[in-house]
Amino acid sequence: MTAQEPIVSIENLTVEYALTSGSFTAVDNVTLDVKPGEILGLVGESGAGKSTVGSAVARLIDFPGAITGGRILLRNSGDLASLNETQMCGIRGSDIGMIFQDSLSALFPVKTIGAQLMRAIKLSTGLTGSAARARALKLLEEVGIPQPKARLRQYPHQFSGGMRQRIVIAIALAGDPQLLIADEPTTALDVSIQSEILGLLKRLAVDHGAGVILITHDMAVIEEITDRVAVMRHGKLIEHGATRDVLARPIQDYTKALIRAVPRIDTRMERFVVMDDAPAVSPVTRPQTSHIQADGPAIDATDVTISFMVKNAILPRNRSYIRAADNVSLKVPAGSSVGIVGESGSGKSTLARAVCGLQSIDSGKITLMGHDVGALASDPALKRERVKAQMIFQDPFASLDPRQRIGSALIEPLIVNKMAERDEAQDITLATLKRVGLSEDDANKLPHQFSGGQRQRICIARALVMDPAVLICDEPTSALDVSVQATILNLLKDLRDERNLTLMFISHDLAVIRQVSDRVVVMQHGKVCEEAETDSLFDDPQHEYTRHLMKMMPKFTSGARLQTP
Amino acid sequence: MSTATAPTSTRRFVSLFTASPLALVGLALFILTAGIALIGPMIAPQNPYDLAAINLLDSRLSPGSEGIDGNIYWLGTDGHGRDMTSAIIYGLRTSIMIGLIASTIALVLGTTLGLIAGYARGWVDAVIMRIVDLQLSVPSILIAIVLLAVLGRGVGNIILALVTVQWVYFARTVRSSCLIEREKEYVQAGVLMGFSHARILLRHILPNCLSPVTVIVTVEFAHAIALEATLSFLGVGLPITEPSLGYLISAGFSYLLNGEYWISIFPGLALLVTVLSLNLIADHLRDITDPRLQR
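Definitions and limits used
- As a convention, each chain's residues are numbered from 1 in the sequence order in which they are written.
- Naming scheme: in the order in which they are written, chains are lettered from A and ligands are numbered from 1.
- Per-residue local features of the predicted model are confined to residues with pLDDT of at least 70, and side-chain atom pairs are confined, for both listing and counting, to 80 or more; whole-chain, interface and lining totals are unaffected and use all residues.
- With hydrogens and water excluded, all non-hydrogen atoms of the structure serve as input to the side-chain values.
- We call two residues in contact whenever any of their non-hydrogen atoms come within 4.5 Å of each other.
- As used here, buried area is the combined drop in accessible area, with a 1.4 Å probe, of two parts when they are placed together.
- Take a side-chain nitrogen of Lys or Arg and a carboxyl oxygen of Asp or Glu: if they are within 4 Å of each other, that pair is a salt bridge.
- Two N or O atoms form a polar contact when they lie within 3.5 Å of each other; inside protein one atom must be a possible hydrogen donor and the other a possible acceptor, and for residues adjacent in sequence the pair counts only when both atoms belong to side chains.
- Numbering of helices and strands starts at the N terminus; helices are DSSP runs of H or I of at least 4 residues and strands are runs of E of at least 2.
- Residues were grouped as follows: Ala, Val, Leu, Ile, Met, Phe, Trp, Tyr, Cys and Pro as nonpolar; Asp, Glu, Lys and Arg as charged; and all remaining residues, including Gly, as polar.
- Whether a residue is buried, partly exposed or exposed follows from its accessible area with a 1.4 Å probe, protein chains only, as a fraction of its type maximum: under 20%, in between, or over 50%, in that order.
- Whether two strands pair comes down to DSSP finding at least two bridges between them.
- Note on handedness: a crossover is taken as right-handed if, strands pointing away from the viewer, the path from the first strand over the helix to the second is clockwise.
- For the domains described, the bounds stem from an automatic or database domain assignment.

Caption draft 1: Representation of the interface of chain A and chain B. Across the contact, 28 residues belong to chain A and 23 residues belong to chain B. Between chain A and chain B lies a buried interface of about 2,200 Å² when both sides are counted; carbon and sulfur atoms form 56% of it. When the area that chain A buries against chain B is broken down by residue, the three leading residues are D401, R403 and E412 of chain A, summing to 29%. Put simply, chain A and chain B have one salt bridge between them. Linking chain A with chain B are 12 residue pairs in polar contact (both at pLDDT 80 or more), by the criterion used here. Of all elements in the fold, only α14 (383-386), β16 (389-392) and α15 (406-416) of chain A reach the threshold of two or more residues within the side of chain A that touches chain B. Taken together, the residues of the side of chain A that touches chain B sort by class into 13 nonpolar, six polar and nine charged.

Caption draft 2: Summary view of the pairing of strand β18 (residues 502-507) of chain A. All names here are of chain A. Of all six residues that make up β18, six are buried, and the element is covered over most of its length. Where strand β13 (residues 337-341) meets β18, five bridges bridge the pair, whose relative direction is parallel. Its bridge partner being in β18, G339 is matched across the sheet by F505. The sheet contact formed by strand β17 (residues 470-474) and β18 spans five bridges and is parallel. Following the sheet pairing, C473 is matched in β18 by F505. On the question of chirality, the crossover connecting β17 to the parallel β18 by way of helix α18 (residues 482-499) is right-handed.

Caption draft 3: Spotlight on the domain arrangement of chain A. Residue and element names in this part refer to chain A. Each assigned domain of chain A is listed here: domain 1 (8-260), domain 2 (296-388 + 472-555) and domain 3 (395-466). Placing a centre on the C-alpha atoms of domain 1 and another on those of domain 2 gives a separation of 35 Å. Counting from both sides, the interface comprises 12 residues of domain 1 and, opposite them, 12 residues of domain 2. Regarding the contact of domain 1 and domain 2, the summed buried area is about 1,100 Å², with carbon and sulfur atoms giving 51% of it. Taken as a group, E45, D190 and V191 account for 43% of the area that domain 1 buries against domain 2, more than any other trio of residues on that side.

Next up, the structure:
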């Protein structure tokens, strides 16, 4: 394989963005190549410039960005960086295929997929009519779409996310490209679909002899399918080599830290190893008492059913509903933590919202610390009890009022609930900010001045000032980079020990769930499939669906070899 | 979104605004016209309402001519011998005052109803928004004419008519912003922290709905001035005792064919400059508050 001529050679590529104040170098002097039949993984955290490299190769960098240095040599086409837009149009689609993260917006919603696919075929190969149709059918078959003939006449919205991503891949393959650029192709998909799409990419690379650049933030994906990996940080290529070597014997500290920060599914870690420049969190003094109390359950849900109307009609019998929670029962002892895991649409978030009273339930009963949730929401006498359940949301950018200063956002609930006078509230706020690893100066800043991880800390701090007994975390780290995820999970663990918090942790990520919970509940289609102690569930899953989830989850084993204390 | 409250974003807002020369021209013109209107009585050569100061013998003098008292009428005089310069300054005062009051009341009313509709949803939303739809389906000038025909002329009535026509634009925009904001997680966090609906609505949702409102208030201010002028021109607006720009244009209209252009044209130019300056400002405000155009 080493003797083969590379499909694409990127030499000293530099991409800069012109800003009002000087310029920002998104990609700094990157040199890479991709050989036929090879999958090159491009990994890094947000802002590392990995997507920019992908876009630069297809010359999709728009104003104010520009390629300011280096060459992109595509086999048989010369230097792409020097071609004009018309020449590039001939290359995109026929020599280079692209696959994006969001398959819904990558497809044209008002044309059938057959029309879109045949147009791509016509543009890249010149085939028309029945020849184009035959090729379209062959492509759909190849990417694993069942009944391709009938499917050709359907529109994008009639397909599931995984199927749409297969169609996007089929369109990218229309011109039989030498190079495929896949930018986070599975990030928006559930694990079981992710593993199918990754398998498809691997098979295509081998069958077609095409080179693939796979851009991802997920180390497990890298380990599973790439041949070589390039690690990027702050626009620079910091480590590059065969995937097996890089993951087993990383040279750079950053790569080591990145590998260690990945939560492991095979065992539970006491703490995550965090990166050197991650914000320092003040050390914890561990409490002497056990965090499990015998006070009865903090959360007690019995036969909870929640449905949403999906089709309204005047006559009740014509209405149709979906059940987001179907006879769900759940007991969480005070001071313990329960993880709820499931794929999208399994009803895990709806259940979390119902537990804290944000979602009304159709039947069943939920009690929080001995009080009925419905009564907590409506009875003013129970207001002080109600605020004892707080929630951390998935999107740290939407969960803070963009116009409220951080200090004010933390003081406000204390004042409103008459839990403290202004001076005292000020002290509590500053102490809590420090506790979550922020400084006192941060109290005067606005949310947009913080990164995603810092915002999530602020959200945790805001929940903490209420001195909660129950903390419900709905995918709190899925919008964050792994290194940031590690610090947030460490923080949640410490806080749980310190404050005897009852934790309800919702995630689609089995590995994260394993790290934070005492018990795990697996949900599918609104029903509880399995509930067990964490270790016994992971070591000996009973339910078929749990086993399926575990099998599909890309396993990241390299972390284990690096976990030397 | 640019947030006008933060020191950094205020600076950003100023630098974005000053980046457009056209918007600066608009701002300068508006400051000029508003300034003239504000200090009008101090700089006007004559009080056009003071019948004692008006000499009927000076009627319909062309610009620059000398009156029988020896004073020069730079913009000529109208059919009653009023100095056009003074009439325009006083008319501008009336027009801008009415526009400002009407668009402010429409802003408050429309924002309130829009917030309530967006936050309450259900039948409250349905009722408010159907009224809005109904009003938007009829030309606003028609609604204003019918209202004034029923209520009669007068400053209060014309403000009422303008508010009736204009609150719907605020209500519609604020409702749609509110619908987006209320689903955001900071609102749910507020509910969990025991905040009352009023607090969530006024302290958290309202400030985040105001960006598009700044654009609309500028546009509607200009609309109000133009609409008031139209109504006065048609004779259903302000009474003769309080001449606004619209009335002046209409009064001079009959002299246009005699070649006595100045009685209509100069108030028309004043109106044009005022409305244009506001529209230039609004256009640019819309550009810089549009998140799609953010760099």
